[in-house]
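Observations on the three-dimensional arrangement
Read off the chains here:
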Amino acid sequence: MDLDLLASLLYATFRTGTPILLVALGELICEKSGVLNLGQEGVMLMGAVTGFIVVSQFDSYALGIFTSVLTGIVMAAIFAFITLTLQANQVASGLALAIFGTGLSAFIGTDYQGQSIAGLPSLAVPHLSEISVIGPAFFQHDILVYTSLAATFLLWWNLKYARLGLILKAVGENPDAANALGLPVLKVRYLAVLFGGAMSGLAGAYVSLVYTPLWAENMTAGRGWIAVALVVFASWRISRVLLGAYLFGLASILHLVAQVFGADISPNLLAALPYAATIVVLVILSSNQTRHKLFAPLALAIPWHKSR
Amino acid sequence: MHLELRPVPDYKWQYLSPLLATMLTLLSGWLLFAWLTDAPGHALYVFFIAGISDAFGLSEWLLKATPMLLCAYGLAICYRASLWNIGAEGQLLMGALVGSAVALEFLDSESSLAIPSVILAGMTGGALWALLAGLLKFRFNTSEILTTIMLNYIAMNLLQWAVYGPLKDPGGFNFPESALFSEATLLPVLWPDTRLHVGFLFTCVVMPLTWLLLAKSFVGFQIQVAGQDPKAAVMAGYPVKRLGYVVLLISGALAGLAGAVEVIGPLGQLVPTVSPGYGYSAIIIALLGRLHPVGITLAGLLVSLLFMGAELSQIEMGLSSAIASLFQGLLLFFFLACDVLIRYRIRFSPGTVTPQPNH
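Everything numeric in this text was worked out from a predicted model, so none of it was measured. (Residues numbered from 1 in each chain as written. Chains lettered and ligands numbered in written order. Predicted model: local features only at pLDDT ≥ 70, side-chain atom pairs only at ≥ 80, totals over all residues. Heavy atoms only, no water.)

Re the nonpolar core
Within the largest apolar cluster, 211 residues are counted, with the highest numbers of intra-cluster contacts made by Y79, I264, L270 and I323 of chain B. Ranked by the residues each element gives to this core, the list is headed by helix α3 (residues 55-80) of chain B, at 13 residues. When residues of this core are sorted by domain, at least three fall in each of domain 1 (1-48 + 290-351) and domain 2 (65-288) of chain B. In this structure I323 of chain B touches F107 of chain A together with L32, F33, F47, A310 and S313 of chain B, once residues within four positions along its chain are discounted. (Core = buried A, V, L, I, M, F, W, Y, C linked by side-chain atoms within 4.5 Å. Buried < 20%, exposed > 50% of the residue type's maximum accessible area, 1.4 Å probe, protein only. Helix = DSSP H or I, 4+ residues; strand = E, 2+ residues; numbered from the N terminus. Domains from an automatic or database assignment. Contact = heavy atoms within 4.5 Å.)

The structure is reproduced here in structure tokens:
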């Protein structure tokens, strides 16, 4: 394989993995607090469409990204109210959020269906981006790719070393004990869910403003779901989420690789590859049940209320 | 305003909360139409009443409800067993795909076996797709929620592959569609001058059978024990895994049936857009109908009405047909939220302390 191809492959892997990484980071924080939000796909689509509309109306990427994040928070707030305040079933509410977000995004994006924009310009890192192979692969990305990496590091550090991470984990592992210690369980869970929404909104912005700068119904194509699966098979660990997201980035661009090497496989079959890969990895990692149980937050998806 | 735990759950809200959720959805619809159009009342009329005000509309209403109801009865059985099968969409698509592949074998045939073969093939396709998720769950402990979702996307891609590849009509000017099925393969029309075909009768058979299974049979009892308390089911010696496979088999076969009935019913050929999300709507229908066949039938008719209303309001008022899934999402949200009233009551003033229940 020649080096230019390798560089562009790495470049594309980063770009494809970033939205999955962003959603998975948000979902991981959400699940660490004990809340399972399956609706990230819908939140992502809402972030994608609102960001796209704002950019095509006002031509400001900063405003677009801000809108996407805000939309993600609002969507997550609906979910948080229903599951945390009203204590509805988290699985069913997550599905409702996914369906609602898919429908609402298609509805408000009707007039923009198929339109495209210029796309967020990339930010070459001075000097580093001029190195051959490494430069084009790692240092010529846009601001959101760098943001996702910074967020990964910050969250990893917080979960491992900071009091904030400890509080989060306490609430997700044993809310009764956390409550007895005087920790505001519901508040922590609310904030974790809203954070998850913000990250999914940002991921949506990445898809519609950077990755493929256009709007099309259902354009996230299951990335929100893959990210939820990724959290499970990363055993709720940040480092594995990072690795997993890029593996999926690679799996989703394999059809490009196949084309380069002239393989004659239907593009429709290759498009199914990331989903099949998700199943295979889930199977490999969850067949060891004890290990799986060891890592999952103990109170995951169990409603909690003070008066209980 | 705060929530107060009821001493005992108030079960009348089990029936009232779907109704209240429907009312709230209608109210939201009115607000949405008031914002989008000048005459919200007329828009609501177009959306919910105009479509079914004549015989043809009624037939289309039942026609649209058919695939969703078939999927939803199966999902209800799954959910009673606490198996979160989200994959009715993929199972439906596989039913449509396998059914179409068989239907294309009968292109020049007058055989009376054509329809039964297609239906059997469709049911098998859907059932195998569901059993795959079962195998992954019971053999490898893989969450059925995530695998069934992934299998939906894979089924969609397989369908795309088929209509662009092996099942494409050779004389179809390169459109991604199969050839039109022969007359012998198409389901007979049930109601003259409409599109309502005998596939609708399947729902009339499956509904009482579902009720019999869940309410009157020992297997149904075992399924529900396994769903509510797996440990108790194991203690009682029930074959929990086998029950899991059985419910997935049933719901997959029903979703596959829905897919087969769609392609040899109203469509008459395999197209990439077999389902506008019927499998996902079926989840909402099953939950809204409280996993009871009668409730599901009512919820199915309501959701079918949403699909029709969305189509009609697109034609008459130029609104996006995505409004159907918007309303469905709202409906499920309101329903889940209203369910809080079963166990809690809303108090608007802080103050009176009621005695807590003795546990």
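Section: the interface of chain B and chain A
Across the boundary between the two partners, chain B contributes 39 residues, which contact 45 residues of chain A. For the chain B and chain A pair, buried surface summed over both sides reaches about 3,700 Å², with 80% attributable to carbon and sulfur atoms. The largest per-residue losses of area from chain B upon contact with chain A belong to L146, M150 and F333 of chain B, which jointly make up 19% of the total buried on that side. At the junction of chain B with chain A, the criterion picks out three residue pairs in polar contact (both at pLDDT 80 or more). Counting residues per element, the ones that place at least two in the side of chain B that touches chain A are α1 (12-36), α5 (114-140), α6 (144-164), α11 (278-288) and α13 (323-338) of chain B. In the side of chain B that touches chain A, the residues fall into 31 nonpolar, eight polar and no charged. (Buried area = accessible area lost by both parts, 1.4 Å probe. Polar contact = N/O pair within 3.5 Å; in protein donor to acceptor, adjacent residues only side chain to side chain. Nonpolar A, V, L, I, M, F, W, Y, C, P; charged D, E, K, R; others polar.)

Let's talk about the packing of helix α4 (residues 88-103) of chain B against helix α10 (residues 240-267) of chain B
Residue and element names in this part refer to chain B. Put simply, α4 and α10 touch, their axes get as near as 7 Å, and they point 50 degrees apart. When the axis of α4 is compared with that of α10, the two are oblique. The two elements α4 and α10 cross, and the hand of that crossing is right-handed. On α10, the residues that touch A88, Q91, L92, G95, A96, S100 and A103 of α4 are S251, G252, A255, G256, A258, G259, A260, V263 and I264. (Axes fitted to C-alpha atoms, helices over the stretch in contact; angles between N-to-C directions. Parallel < 35°, antiparallel > 145°, perpendicular 65-115°, else oblique. Left-handed = near helix turned anticlockwise from the far one by under 90°.)

Examining the state of the cysteines
Disulfides are covalent bonds that link the sulfur atoms of two cysteine residues. Residue and element names in this part refer to chain B. Applying the stated criterion across every chain yields a total of zero disulfides over all chains. No disulfide involves C78; its sulfur sits 11 Å from the nearest other cysteine sulfur, which is in C71. The exposure class assigned to C78 is buried, which follows from its relative accessible area of 0%. (Disulfide = S-S within 2.5 Å.)

Section: the pattern of salt bridges
Residue and element names in this part refer to chain B. Counted according to the given criterion, the structure contains seven salt bridges over all chains. In this structure, the salt-bridge partner of K64 is E311, at a minimum N-O distance of 3.2 Å. With K64 in helix α3 and E311 in helix α12 (residues 293-317), this pair connects stretches of sequence that are 247 residues apart. Between R290 and D339 there is a salt bridge, and its shortest N-O distance comes to 2.6 Å. Residue R290 is found in the loop between α11 and α12, and its partner D339 is found in the loop between α13 and α14 (340-343); the two are separated by 49 residues along the sequence. Each of R6, D10 and K12 takes part in one network of salt bridges that share partners. (Salt bridge = Lys/Arg side-chain N within 4 Å of Asp/Glu carboxyl O.)

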